[in-house]
Amino acid sequence: MIRSGSSNHILLYRQLFHQYIVDMYAKIESEHILYIKLNQQKLRVEEYIHLRGAITNDVNASDIGRIVILLTTCIGSPRHMHEYAQDPMPYVLSYGYPDLIITFTCNTTWSEIKELAHCQSSVDHHDLIDRVIRQKFIKLIDIMNKSCIYGEVNCCVYSIEWQKGVILIITS
């Protein structure tokens, strides 16, 4: 929180603060994966029929170590990526292929980000960058839906990840 009259000491450490954030995130993720590894029975991994089929069809089953199934909540896991790619498929089946695929990226020199950074570099304020890009992204979608620049929008699917947004638009 930025308050007038007092400085936020943790933001003044810049790269050291960035390294601290990365280390804490890595620690949280490793604890999450350790929990999944130690609680495979509670997570009902025996119910995954695709994995059982892969094991029975494997020629040399002795090469298989201890099987640990990662959940879709583990960002970057194959199951997460598969689910992420399958999310827009029902919309494509219902409305047809997208007419527009728009990539929306962040510019750290936007005046909104510079104003909010208060005499610091914008790269030191990841939270501000995320807020601004989300607001601009939602505004862009709102403009496209209301103004019908490319025709009436039947369906709009979007995702925001790493200061970059992708919009799939299906028009009539």
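Everything below is about the structure shown above.
Residues numbered from 1 in each chain as written. Predicted model: local features only at pLDDT ≥ 70, side-chain atom pairs only at ≥ 80, totals over all residues. Heavy atoms only, no water.

A. Up close: the packing of aromatic side chains. Scanning the entire structure with this criterion turns up three aromatic pairs. Chaining the aromatic ring pairs together yields one cluster made of Phe104, Trp110, Phe137 and Tyr158. Across the ring face of Trp110, the terminal group of Lys136 is positioned such that the distance to the ring centre comes to 4.7 Å. (Phe/Tyr/Trp six-rings, centres within 6.5 Å; stacked < 30°, edge-to-face > 60°. Lys NZ or Arg CZ within 6 Å of the ring centre and 35° of its normal.)

B. Spatial organisation of the environment of Ile138. Of note, Ile138 is situated in helix α6 (residues 126–147). In this structure Ile138 comes out as partly exposed when scored by relative accessible area, which is 35%. Between the C-alpha atom of Ile138 and that of Tyr158, which follows or precedes it by 20 residues, the distance is 9.8 Å. (Helix = DSSP H or I, 4+ residues; strand = E, 2+ residues; numbered from the N terminus. Buried < 20%, exposed > 50% of the residue type's maximum accessible area, 1.4 Å probe, protein only.)

C. Region of the structure containing the nonpolar core. Counting residues in each nonpolar core, the largest one holds twelve residues, listed as Phe104, Trp110, Ile113, Ile129, Val132, Ile133, Phe137, Ile141, Met144, Val153, Ile167 and Ile169. Among the elements of the structure, α6 and β3 (164–171) are those that each provide at least two residues to this core. Aside from chain neighbours lying at most four places away, what touches Trp110 is Phe104, Thr105, Val132, Ile133 and Lys136. (Core = buried A, V, L, I, M, F, W, Y, C linked by side-chain atoms within 4.5 Å. Contact = heavy atoms within 4.5 Å.)

D. A look at the side chain of Asn39. With respect to the secondary-structure elements, Asn39 resides in the loop between α1 (15–38) and α2 (49–57). Assessed through its relative accessible area of 12%, Asn39 is described here as buried. Within the structure, the side chain of Asn39 is placed 2.8 Å from the backbone oxygen of Tyr35, a separation counted as a polar contact. (Polar contact = N/O pair within 3.5 Å; in protein donor to acceptor, adjacent residues only side chain to side chain.)

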